[in-house]
Amino acid sequence: MRLREAFKKHFLVGAAVDPVTLDTQRDLLIEHFNSVTVESDMKFERLHPSEDQYTFEAADRLVSLAKANGMGVRGHTLVWHNQTPKWVFEHQDGSPVDRETLLALMKSHIDTVLSRYRGDIYAWDVVNEAVSDSGSELLRPSKWLDIIGDDFIAKAFEYAHEADPGALLFYNDYNEAVPEKREKIYALVKSLLEQGVPIHGLGIQSHWSLHHPSVDDIRQATEQYASLGLKLHITELDVSMFAFDDRRIDLAAPTEEMLALQAERYGQFFRLFQEYSEYITSVTFWGAADDYTWLDHFPVRGRKNWPFLFDIKHQPKPSYWKVLETI
Ligand code: GLA
């Protein structure tokens, strides 16, 4: 059974792709998914490596292949503290640009990118990971915040809405089910809504593992975010076989026990997604099958991971069958 058919009544089922996996995982992608996110080729440093240069080739190719196969595209991402080149924030002599200069540059980047893909991209992660993980501060330190001030987030959404009024605009973040961070994400989005900022959804990255976070924490976060009254997208789902501080590197393949536990977790997640499908309208995995994941060698060098529903040969894993049982 195709995933996209199985969940048709509930939400889109997506996968992150890059120029390599679009070839190596092509059949699997076309069979099971009806949405894709370009994993890295729409990030600022890829699209706009220097002031006068835009490089759209890789992103264009991914978007046209997705369209040719009837898949929607999520855009990722416009304003982020990471993978954004230094030239954005500095003059040639290394001195920092001022607020007006950076706002004008942000606007022209957003205009250029959104105009190019207008009508092709149904949702954009406008701002990624702006909230601080710990401490009392709401926003993490970044050049965007330093130079522009708190309203860099509101401005990014305003510019994006002007450039493509038809696209759904999302704030996207991780550790979204951790209570301390959940409260901050909630507070940020609530204040954007109160200011009348054109934000339509919250992207819940969902980089989870066999043990973390608890289903109760995920439920509480979903409940709280849903109370904001905007759309929720699961944007970067994967279920790592290892706890974040687990350093083991001895495994060449996942154990039976890991596979069973992963299936249990995926089953719980998909039951919950369906329960909240009035709010959750898209569920995207951060990859498609275990032959390629950003979690290979991260955060532990030399270690492979197996976070998806399909194995390294694109065959269904126990997790796949468990997810289908939830319907
Ligand atoms: C974050 C970003 C993604 C990607 C992952 C690692 O979640 O949002 O774009 O960089 O880290 O693949």
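Just above, that's the structure.
It should be emphasised that the depicted structure is a prediction, and the values quoted were computed from it without experimental measurement.

**Digging into the overall build of the protein chain**
Helix and strand content of the protein chain: 12 helices and 9 strands. Expressed as a percentage of the 327 residues in the protein chain, the buried residues total 55%. Within the protein chain, counting contacts between residues at least 6 apart in sequence, those at least 24 apart form 75% of the total. When the accessible surface of the protein chain is summed, it comes to about 13,900 Å², and 50% of that surface belongs to carbon and sulfur atoms.

**Focus on helix α6 (residues 99-116)**
Over its 18 residues, α6 runs 26 Å from end to end, which matches the ideal 26 Å to within 8%, given 1.5 Å per residue. Considered for burial, the residues of α6 that qualify are Leu102, Leu103, Leu105, Met106, His109, Ile110, Val113 and Leu114. Burial along α6 is one-sided: seen end-on, the buried residues are contained in an arc of 160°. Considering only its buried residues, α6 is in contact with α4 (44-47), β3 (72-80), β4 (121-128), α7 (143-148) and α8 (152-163).

**Topic: the pattern of salt bridges**
Going through the model one piece at a time under the given rule, you end up with 23 salt bridges. Notably, a salt bridge pairs Arg61 with Asp23, separated by 3.4 Å at the nearest N-O pair. Of this pair, Arg61 sits in helix α5 (residues 57-68) while Asp23 sits in helix α2 (residues 21-24), and the two are 38 residues apart along the sequence. Note on Asp23: relative accessible area 47%, which makes it partly exposed. Asp250 is paired through a salt bridge with Arg248; the nearest N and O atoms lie 2.8 Å apart. Exposure remark for Arg248: the relative accessible area of 34% places this residue in the partly exposed category.

Scoring rules and cut-offs
The written sequence of each chain sets the order in which its residues are numbered from 1. Totals for whole chains, interfaces and linings use all residues, but because this is a predicted model, local features are given only for residues with pLDDT of at least 70 and pairs of side-chain atoms are given and counted only at 80 or more. Excluded from the side-chain calculation are hydrogens and water; included are all heavy atoms of the structure. Under the DSSP-based scheme used, a helix requires at least four consecutive residues in state H or I and a strand at least two consecutive residues in state E, with every element numbered from the N terminus. Remark: exposure states derive from per-residue accessible area (1.4 Å probe, protein chains only) relative to the maximum for the residue type, with buried under 20%, exposed over 50%, and partly exposed in between. Contacts are assigned to residue pairs that have any heavy atoms within 4.5 Å of one another. Under the convention used here, a 1.4 Å probe and the Shrake-Rupley method define accessible areas, while residue burial counts only the protein chains that appear. Between the first and last residue of a helix there are one fewer steps than residues, each counted as 1.5 Å, and that sum is the expected span. Here the arc refers to the set of directions running from the helix axis out to each C-beta atom. The working definition used for a salt bridge is a side-chain nitrogen of Lys or Arg within 4 Å of a carboxyl oxygen of Asp or Glu.

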